[in-house]
Amino acid sequence: MLTSEAITPDRPREDAGSEFTRSLGRAQQCKREAHGVTIIAEHGLLAVRPALEGVIRIKLFAEAAAEDEPDMGTTAAVVGTKTCLPFAVKERDAAYVIETEGATVEIAKRDCAIRFFGGEGQLLACQSPMAWNDSKAVSARFASSEQTHYYGLGEKTGFLDKRGERYEMWNSDVYAPHVPEIEALYQSIPYLLVHEPRGAYGIFLDNPGRSCFDMRGEPDAFTIRTETGPFDYYWIAGPQLKDVVRRYTSLTGRMKLPPVWALGYHQSRYSYMTQDEVLRLARTFREKKIPCDAIYLDIHYMDGYRVFTFDPERFPDPKAMIAELKALGFRVVPIVDPGVKLDPGYRVYDEGAAEGMFCRKTDGEPFVGPVWPGMSVFPDFTEDRVQEWWGGLHRFYTDLGIEGIWNDMNEPAVFNDTKTMDTDTLHGNNGSPVTHGEVHNLYGLLMSKATAEGLERLLEGRRPFVLTRAGYAGIQRYAAVWTGDNRSFWEHLAMAMPMVLNLGLSGVPFSGPDVGGFAHHASGELLARWTQAGALFPFFRNHSELSSSRQEPWSFGPEIERICREAIRLRYRLMPYLYSLFREAAHTGLPVMRPLVLDYPDDPHAANLCDQFLVGERLLAAPIYRPATEHRVVYLPRGVWYDYWTGQKWEGGRHILAHAPLDTLPLFVKEGAIIPYVEPAESAASMESDVLYLDIHCSGAAYGVFELYEDDGLTFDYENGRYNLYRLAVQEADNTVKLDIGVLHAGFESRCSAWRLRLLHLPFVPRMPEGFDRAETAEALDGRRNAWYYDPSAGELTVVLPRPAESVAVTVHMAENES
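This one's a predicted model, so the numbers in the text were calculated from it and none came from an experiment.

Undergrad: An account of the pairing of strand E9 (residues 114-118) is needed here, citing residue identities and associated values.
TA: For E9, the buried fraction is high: four of the five residues fall into the buried class. Two elements, strand E8 (residues 103-108) and E9, share five bridges in a ladder whose sense is antiparallel. Counted as the bridge partner of Val105 is Phe116 from E9. Examined bridge by bridge, E9 and strand E10 (residues 123-127) share four bridges and lie antiparallel to one another. By the bridge assignment for E10, Phe117 is matched with Leu123.

So this is what it looks like as structure tokens:
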């Protein structure tokens, strides 16, 4: 804990900007090459390369000579570049201009300042000449204005808009505190999404060493600085925020579809200590009819904290335990840390030491540092052979029936003064050695890659699940992310929303906090409210540490248990909706849980709105995040909105006061929304309903589109065409509602043989076309096909039809005697 000594008036003032005195100087030549151009300047080179449509790569080579060959290698973050994109070079009196499809770059001859233009020729960004110091640290300054908003940067505390903030990129094990002034946490994603009145753009700095994004230092500019390694960035054109997110995720990759059980509710604690305790926990979930898909094993399951072991006394028969849990519908997710106990005779250590798999110091000896097992060594994941070895070690788990792994402590965390590996530790890097200081932020990404790829090889076609604490740009390709060691504070429930929203904008759609808070002591009220919010976060896990109050859903009595059960059941009810959104994220890179500014970029009320969020485009959640609170202000953007629970209609473009007793999550649906759902089951993988329900929210003039996706939820067979994709479009006009069901792909035999459509808020009494039979009651529809029932008191029309095998339209007209 800091004392007042930390603010002594005699402490020297930091002014790093004054150190950056060197620059490229005047551009002397523009050299055209096969894949781009190189600007030859007085004091170095500047490589300009089209990377994708609308994406331009800029790489500085300080002090390089004209005859030097630019090294255009990338880190493991970048997977989507193209090398044969067309471009044109024009020389003007004052600048060289490089035109590409989707973006144009202008390099000033006088000083190598850069201007960036979007695909329609609009000026989007201006960068002053890059500068560096004697240590080759580099600084780049970009102009901004009072109307500039900043998003992204991955896992950062604070509000959604990062204007007025400064953050470091240095993966750090931070147990406490998690407060707005913390500049670095476990994930470092050096990607800034800039929203200007004239359009949006992004900057991805591909440097896995320590760097800094400063939106605080100057009122009319933001600055990006690196400490070591290359200054290598990608400028990503908009013009819309969604365009930037799509292009960024094309560059760094998109998530694969996770197994459907990974989308369910997960239960964890540090730690469930014994095999018997784990089995009691699972049986209690089933007895209490609370859905749950996964139980986590923290470090106490291991023998002396050695990874790839089970404690023989606490867990005497893990294979039988895992088999019993699987029969109950549970998966087991054990924790695996990178620290390997330095213990001759321990198989993992002996293998790694014999084959030179561990990171080494400059004297050739392995880096050794203390973590949970005591003195430990650390695999060098920059080497492909080490990744393959580490991935293969997971056969220990897959042979027991395990399909998911939890990677922790992979910043890497070390219990020493610097809290991590010494920066002069060497990584082999497949024959191009680098120091740890240069690639620190890659460690967690590469460990997750090794884990995910190893599980894929071992699971014989079944999809693995990996959860990671640390990561870098591109982590979404391999793992889900949780936001680390938060607290059971109301403030941390509030903070979780912008953290996960910015992770989504940073290409990581599968993330969430520890529901209930990891440390400190939750109350029943906090657990209820956090579970309600968590039910709509992409990743949904309750986790707490060993000295905290228990926070399983039943820990605070029957009333809180009931509220938590209903919130979790809502998650499972909406599973077809959520699964389809995950497919959209895998296909487009757009997040599942998204800030309102993504869909309403021109609405000034949305620019920094981060205590409510969208799930998809048309479902809006506004969690309660203060104690003893039953009302809250909710902003509804333009359009017509309905209370999800009561059906009350609201005109958008204004704030409303929502009433939310403890058992109610404020939830709203926009006109035109098409929400698929099922009857909830005890686990996502065990849903066997033969009826798929679809709620269609009408208003008299609504239009909406939703792509419904289904596959087996467990294997990679969808990559070979075994999936169904439907395009559902509703349109209202002239007292008519038309639902077009387009079958875009049919390759999977769905469990659901019938679709039950509910047209809600109909503004007229309907008549149905020929071929549909009228039922006398809603209950009379059960088991029937091509039938309908209208409830005049609710204004709801229910239509049941067989699952469409080909495209079809359902059209509902107003009854003639109502016209």
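Undergrad: Account for the nonpolar core, with residues named and values stated.
TA: Ranked by internal contacts, the top residues of the largest apolar core, which has 207 residues, are Phe204, Trp390, Phe465 and Trp755. At nine residues, helix H9 (residues 490-505) tops the list of elements feeding residues into this core. Residues contacting Trp390, with those up to four places away along its chain left out, are Val307, Phe308, Val336, Asp337, Pro338, Val340, Pro379, Phe381, Met447, Ala450 and Thr451. Listed in part, the 43 residues of the second largest apolar core include Ile56, Ile98, Leu192 and Phe213.

Undergrad: Break down the pattern of salt bridges for me, citing the residues and quoting the values.
TA: Scanning the entire structure with this criterion turns up 58 salt bridges. Notably, a salt bridge pairs Arg469 with Asp485, separated by 3.7 Å at the nearest N-O pair. Taken together, the positions of Arg469 in the loop between strand E30 (465-468) and strand E31 (471-472) and Asp485 in the loop between strand E32 (480-482) and H9 put the pair 16 residues apart, joining distant regions of the chain. By relative accessible area, Asp485 is classed as buried at 10%.

Undergrad: I'd like a rundown of the packing of helix H10 (residues 524-534) against helix H11 (residues 558-573), residues and numbers included.
TA: Relative placement of two packed helices is described by the angle separating their axes and the distance separating the axes. Where H10 meets H11, the axes come as close as 8 Å, and the angle between the chain directions of the two elements is 10 degrees. By the criterion of interaxial angle, the relationship of H10 to H11 is roughly parallel. On H11, the residues that touch Gly524, Glu525, Leu527, Ala528, Thr531, Gln532 and Gly534 of H10 are Ile560, Ile563, Cys564, Ala567, Ile568 and Arg571.

Undergrad: For the environment of Asn441, give the residues involved together with the corresponding values.
TA: Of note, Asn441 is situated in the loop between helix H7 (436-439) and helix H8 (443-458). On the basis of relative accessibility, which here comes to 0%, the residue Asn441 falls in the buried class. Residues within four places of Asn441 in sequence aside, it is in contact with Met169, Trp170, Asn171, Ser188, Pro208, Gly209, Gly471 and Tyr472. At 2.8 Å, the side chain of Asn441 forms a polar contact with the backbone nitrogen of Asn171.

Undergrad: Could you give an account of the side chain of Thr664, naming the residues involved and the relevant values?
TA: With respect to the helices, strands and loops of the structure, Thr664 is situated in the loop between strand E42 (654-659) and strand E43 (667-670). Residues in contact with Thr664, not counting those within four places in the same chain, are Arg529, Gln532, Trp645 and His659.

Undergrad: Describe the sheet that holds strand E24 (residues 340-341), listing the residues and the values that go with them.
TA: If you trace the three strands from one edge of the open sheet to the other, you get E24-E26-E25, paired in antiparallel fashion. Strand pairing shows two members of the sheet lacking a second neighbour, E24 and strand E25 (369-371), which therefore form its edges. Note that E24 and strand E26 (residues 374-377) share two bridges and pair antiparallel. Paired with Val340 across the strands is Val377, a residue of E26.

Undergrad: Account for helix H5 (residues 384-393), naming residues and giving values.
TA: Val386, Gln387, Trp389, Trp390, Gly391 and Leu393 are the residues of H5 that are buried. Structurally, H5 contributes buried residues whose contacts are with strand E23 (331-336), E24, helix H4 (347-354), helix H6 (395-398) and H8.

Undergrad: Pulling in residues and values, what's your account of the packing of aromatic side chains?
TA: One pass over the full model with this rule turns up 45 aromatic pairs. Between the aromatic rings of Phe537 and Phe613, the centroid separation amounts to 5.6 Å while the plane-to-plane angle is 80 degrees, which identifies the pairing as edge-to-face. Highlighted residues: Phe537 in the loop between H10 and strand E35 (541-542) and Phe613 in strand E37 (residues 613-615), separated in sequence by 76 residues. Judged by its relative accessible area of 1%, Phe537 is buried. Here Phe613 falls in the buried class, since its relative accessible area comes to 0%. Taken together, a centroid distance of 5.9 Å and an interplanar angle of 45 degrees make the contact between Tyr579 and Tyr709 tilted. Pair noted here: Tyr579 is in helix H12 (residues 575-588) and Tyr709 is in strand E46 (residues 703-710), with a separation of 130 residues, a long-range link. An identical accessibility class is assigned to Tyr579 and Tyr709; each is buried. Put simply, the rings of Tyr301, Phe308, Phe310, Phe315, Tyr349, Phe358, Phe381, Trp389, Trp390, Phe396, Tyr397 and Tyr443 pair up and form one aromatic cluster. Positioned above the aromatic ring of Tyr296 is the side chain of Arg541, whose terminal nitrogen or guanidinium carbon lies 4.9 Å from the ring centre. One residue, Arg541, lies across the ring of Trp482, its end atom 5.0 Å from the ring centre.

Undergrad: Describe H9, naming the residues involved and giving the relevant values.
TA: Here H9 is 16 residues long and its end C-alpha atoms lie 24 Å apart, about the 22 Å a rise of 1.5 Å per residue gives. Burial within H9 is extensive, with 15 of its 16 residues counted as buried. Gly507 occupies a position one or two residues after H9 and carries a positive phi of about 90 degrees.

Undergrad: Pulling in residues and values, what's your account of the state of the cysteines?
TA: This model, assessed by the stated rule, comprises zero disulfides. Left unpaired, Cys30 is separated from the closest cysteine sulfur, that of Cys112, by 10 Å.

Undergrad: Kindly report on the environment of Thr21, identifying the contributing residues and their values.
TA: Mapped onto the elements of the fold, Thr21 is located in the segment before strand E1 (22-23). Look at Thr21 and you get exposed, because its relative accessible area is 62%. Taking the C-alpha atoms as reference points, Thr21 and His35, 14 residues apart in sequence, are found 31 Å from one another.

Undergrad: Could you give me a rundown of a nonpolar patch on the surface, with the residues and numbers involved?
TA: Side chains of Leu342, Val368 and Met375 sit close together on the surface and give an oily, nonpolar patch of about 220 Å² of accessible area. Structurally, Leu342 is set in the loop between E24 and H4. You can call Leu342 partly exposed: its relative accessible area is 34%.

Undergrad: Could you give me a rundown of the pairing of strand E6 (residues 87-91), with the residues and numbers involved?
TA: With five bridges joining them, E6 and strand E7 (residues 95-100) adopt antiparallel strand pairing. Residue Phe87 lies in a different strand from E7, and its bridge partner there is Thr100. Connecting the antiparallel pair E6 and E7 is a turn made up of three residues.

Undergrad: An account of the packing of H5 against H8 is requested, with residue identities and associated values reported.
TA: At their nearest, the axes of H5 and H8 sit 7 Å apart, and the two run at 55 degrees to each other. Considering their axes alone, H5 and H8 lie oblique with respect to each other. Pair H5 / H8 crosses with right-handed handedness. Only Leu446, Met447, Lys449, Ala450, Thr451, Glu453, Gly454, Arg457 and Leu458 of H8 make contact with H5, whose side of the interface consists of Gln387, Glu388, Trp390, Gly391 and Gly392.

Undergrad: So what's going on with unusual backbone geometry? Residues and values would help.
TA: That bond from Tyr270 to Ser271 is cis: its omega, 5 degrees, falls within 30 degrees of zero. For Ser271, the position within the fold is in the loop between strand E21 (266-267) and helix H2 (275-287). With an omega of 0 degrees, the peptide bond between Glu411 and Pro412 qualifies as cis. With phi around 65 degrees, Tyr305 is a residue other than glycine that occupies positive phi space. Tracing the sequence through the fold places Tyr305 in the loop between strand E22 (294-297) and helix H3 (318-327). Classification of Tyr305 as partly exposed rests on a relative accessible area of 28%. Unlike most non-glycine residues, Asn735 shows phi in positive territory, near 55 degrees. Relative to the helices and strands, Asn735 resides in the loop between strand E47 (724-732) and strand E48 (736-746). Take Asn735: its relative accessible area is 41%, and that puts it in the partly exposed class.

Calculation criteria
Residues numbered from 1 in each chain as written. Predicted model: local features only at pLDDT ≥ 70, side-chain atom pairs only at ≥ 80, totals over all residues. Heavy atoms only, no water. Buried < 20%, exposed > 50% of the residue type's maximum accessible area, 1.4 Å probe, protein only. Helix = DSSP H or I, 4+ residues; strand = E, 2+ residues; numbered from the N terminus. Pairing = 2+ DSSP bridges. Core = buried A, V, L, I, M, F, W, Y, C linked by side-chain atoms within 4.5 Å. Contact = heavy atoms within 4.5 Å. Salt bridge = Lys/Arg side-chain N within 4 Å of Asp/Glu carboxyl O. Axes fitted to C-alpha atoms, helices over the stretch in contact; angles between N-to-C directions. Parallel < 35°, antiparallel > 145°, perpendicular 65-115°, else oblique. Polar contact = N/O pair within 3.5 Å; in protein donor to acceptor, adjacent residues only side chain to side chain. Phe/Tyr/Trp six-rings, centres within 6.5 Å; stacked < 30°, edge-to-face > 60°. Lys NZ or Arg CZ within 6 Å of the ring centre and 35° of its normal. Expected span 1.5 Å × (residues − 1). Disulfide = S-S within 2.5 Å. Patch = residues over 30% accessible without salt bridge, like charges linked within 9 Å, V, L, I, M, F, W, Y side chains within 5 Å. Areas by Shrake-Rupley, 256 points an atom, 1.4 Å probe, with all protein chains shown as cover. Left-handed = near helix turned anticlockwise from the far one by under 90°.

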